Amino acid sequence: MGDTATTHHTKSANNGANDNQIGFKSRVSVIGSGSWGSVAAKLVAFNTLNLSSFHDEVKMWVFEETLQSGEKLTDAINRTNENVKYLPGIKLGKNVIADPDLDNAVEDANMLVFVTPHQFIDNICKSLVGKVRSDAEAISLIKGMEVKIEGPCLISTYISEQLGINCSVLMGANLANEIAEEKFSEATVGYRNNREIAEQWVQLFTTPYFMVTPVQDVEGVELCGTLKNVVAIAAGFVDGLDMGNNTKVHTSGFITSILPISTLSSFSCHAYY
Ligand SMILES: NC(=O)c1ccc[n+]([C@@H]2O[C@H](COP(=O)([O-])OP(=O)(O)OC[C@H]3O[C@@H](n4cnc5c(N)ncnc54)[C@H](O)[C@@H]3O)[C@@H](O)[C@H]2O)c1
Ligand SMILES: O=P(O)(O)OC[C@H](O)CO
């Protein structure tokens, strides 16, 4: 699944042919600007300022909206350095630049962070075909699946197949508002076969309050991140029905039963509730 990503590339605006030269700096774009998208931009922007191999500036694509005040959301973000609608009260970092133009937001970026609600990824990917660098690396923070006639498809696989680029994942028990307030949390980067790329994603997301661990298991990490929300709902039902902890334990059993091939470490950074 998804192996095609490393072996075929679509034509793109910039094939990155000149980028092996000394001094090349990676550019990161965040595609999505909801609460988790804004926190992702904040984490990455904190790190690009300190990592010499990255450009300071982080572009964040915004699905444009007009606020009640009449101001465009993008303008409000760039004026206040806060996502006033989806993450009010949190400074993103002056090097986060909101951009409502998707093509412009990804132009020149070689590291793409996908973090939109899953139902929008289809349209976003379709409009990005041929627009992203052929050497770009993607990471998906999206929980959910594309359900097609032939069966469910992981979002990372979908991104890889649509854009012809490799796609890692970052998942965890991560509530955006808590991480925005710099409360401690951890997450797992699931990568396919390039450990160096995984280390770059770890560097980009790790902060003193956000601990990130790489695991070579894209599917396991993505499925754990997505399905744990189903388990959490089931656990909530058990609480609501006052059925007790013994019953609650059984709600988590289904993940291990449907993922027998996933490595144990894929589960290690996922709290179920
Ligand atoms: N919020 C969290 O705590 C959290 C934590 C971990 C993972 N996630 C995952 O991150 C992803 C993004 O969630 P979020 O919480 O940032 O979103 P959100 O619910 O805070 O925001 C919704 C976003 O969707 C955008 N949007 C609305 N209509 C759109 C359209 N037609 N096309 C494209 N975009 C549109 C909005 O502008 C907004 O940026 C989801 O897959 C979610 O499961 C969220
Ligand atoms: O409810 P979601 O899909 O925004 O995701 C929340 C996270 O999974 C919490 O860990």
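Residues numbered from 1 in each chain as written. Chains lettered and ligands numbered in written order. Predicted model: local features only at pLDDT ≥ 70, side-chain atom pairs only at ≥ 80, totals over all residues. Heavy atoms only, no water.

Looking at an unreviewed UniProt entry, one finds the protein named Glycerol-3-phosphate dehydrogenase [NAD(+)], with Gossypium raimondii as its source organism. In its Sequence similarities (unreviewed entry) section, UniProt records this for the protein: "Belongs to the NAD-dependent glycerol-3-phosphate dehydrogenase family." Quoted verbatim from the Catalytic activity (unreviewed entry) heading of the UniProt record, the comment on the protein is "sn-glycerol 3-phosphate + NAD(+) = dihydroxyacetone phosphate + NADH + H(+)". (UniProt positions renumbered as here; feature names shortened; annotations may be inferred.)

Student: Got a minute to help me understand the overall build of the protein in this structure?
Tutor: The number of helices and strands found in the protein is 12 helices and 12 strands. Taking all 273 residues of the protein together, 52% fall into the buried category. Looking at the protein alone, contacts between residues at least 24 apart form 73% of all its contacts between residues at least 6 apart. A total of about 12,900 Å² of accessible surface is found on the protein, and carbon and sulfur atoms cover 54% of it. (Helix = DSSP H or I, 4+ residues; strand = E, 2+ residues; numbered from the N terminus. Buried < 20%, exposed > 50% of the residue type's maximum accessible area, 1.4 Å probe, protein only. Contact = heavy atoms within 4.5 Å. Areas by Shrake-Rupley, 256 points an atom, 1.4 Å probe, with all protein chains shown as cover.)

Student: Where do I start with the site of ligand 1 in this structure?
Tutor: Taken together, 19 residues sit near ligand 1, with S35, W36, E65, N174 and A176 positioned nearest. Interatomic distance of 2.8 Å between a backbone N/O atom of S35 and an oxygen atom of ligand 1. Take W36: an N or O atom from its main chain is 2.8 Å from an oxygen atom of ligand 1. Here ligand 1 has 840 Å² of accessible area as a free molecule, and 76% of this is covered by the chains. Among the elements that take part in the shell around ligand 1, helix α2 (residues 35-48) stands out by supplying 3 residues, more than any other. (Near = heavy atom within 4 Å. Polar contact = N/O pair within 3.5 Å; in protein donor to acceptor, adjacent residues only side chain to side chain.)

Student: Would you mind showing me how to read the site of ligand 2 here?
Tutor: If you check the shell around ligand 2, you find K143, G172, A173, N174, L175, K228 and N229 and nothing else. In the model, an oxygen atom of ligand 2 is placed 2.9 Å from a nitrogen or oxygen of the N174 main chain. With respect to ligand 2, the side chain of N229 contributes an N or O atom lying 3.2 Å from an oxygen atom. Of the residues assigned to the shell around ligand 2, the class counts are 2 nonpolar, 3 polar and 2 charged. (Nonpolar A, V, L, I, M, F, W, Y, C, P; charged D, E, K, R; others polar.)

Student: In this structure, what is going on with helix α8 (residues 195-205)? I would like to understand it.
Tutor: Every α-helix winds through 3.6 residues per turn, so residues three or four apart in the chain are directed the same way. Among the residues making up α8, those that are buried are I197, A198, W201, V202, L204 and F205. For α8, the arc enclosing every buried residue in end-on projection is 165 degrees, short of the 170-degree limit, so these residues lie on one face. Two to three positions downstream of the cap, the backbone nitrogen of E196 sits 3.0 Å from a side-chain oxygen, assigning the N-cap of α8 to N194. (Arc of directions from axis to C-beta.)

Student: Before we go on, may I ask you to explain the packing of α2 against α8 in this structure?
Tutor: The description of two packed helices rests on the angle between their axes and on the distance between the axes. Between α2 and α8, whose axes approach to 7 Å, the crossing angle comes to 100 degrees. With respect to their mutual orientation, α2 and α8 come out roughly perpendicular. Residue-level contacts link A40, L43, V44, N47 and T48 of α2 to Q203, L204 and F205 of α8. Residue classes in the contact of α2 with α8 are distributed as 5 nonpolar, 3 polar and no charged. (Axes fitted to C-alpha atoms, helices over the stretch in contact; angles between N-to-C directions. Parallel < 35°, antiparallel > 145°, perpendicular 65-115°, else oblique.)

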